[in-house]
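A look at the structure
Take a look at the letters that make up each chain.
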Amino acid sequence: EWRPYEAVTKWRSKPGWPVLVQYHMDGSASYVVGDCVLDGDSRCYATWHPEMFLRTEGNLWGTEDAGRMARVNHFTWAVNMSFDRHVRAKFAPFG
């Protein structure tokens, strides 16, 4: 059922707390939109996990802090690591 846009919501948000909204319409795909505002125009990034790590043989599978990733956009993480050979690796959303 089509509903017109409403500028007011019952949802209570807090500065610095990411908000995820799932949109769905019958006969169409659903999708998730995320956003986060600290205060005024200051932004933060929405993500499923509070932190992310790249675990590899090169950082002893996470026993060294070298694999800690940084949020660079909504749901996007990055880390710079250099290797002199092919290494096995995995992403892990926990410390």
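Here the structure is shown first, and the text comes after it.
Let me sum up the structure you'll find in this document. Just so we're clear, the structure is a prediction, and the values are computed from it rather than from any experiment.

**Some remarks on the pattern of salt bridges**
Inspection of the entire model under this criterion finds four salt bridges. Two residues, R43 and D35, come together in a salt bridge whose shortest N-O distance is 2.4 Å. A relative accessible area of 45% places R43 in the partly exposed class. Measuring nitrogen to oxygen at the nearest pair gives 3.3 Å for the salt bridge that ties R85 to E57. Of this pair, R85 sits in the loop between β7 (76-78) and β8 (89-92) while E57 sits in the loop between β5 (53-56) and β6 (70-73), and the two are 28 residues apart along the sequence. You can call E57 partly exposed: its relative accessible area is 27%. Overlapping salt bridges, with partners in common, bring together E57, R85 and R88 in one network.

Cut-offs used in this document
Residues numbered from 1 in each chain as written. Predicted model: local features only at pLDDT ≥ 70, side-chain atom pairs only at ≥ 80, totals over all residues. Heavy atoms only, no water. Salt bridge = Lys/Arg side-chain N within 4 Å of Asp/Glu carboxyl O. Buried < 20%, exposed > 50% of the residue type's maximum accessible area, 1.4 Å probe, protein only. Helix = DSSP H or I, 4+ residues; strand = E, 2+ residues; numbered from the N terminus.

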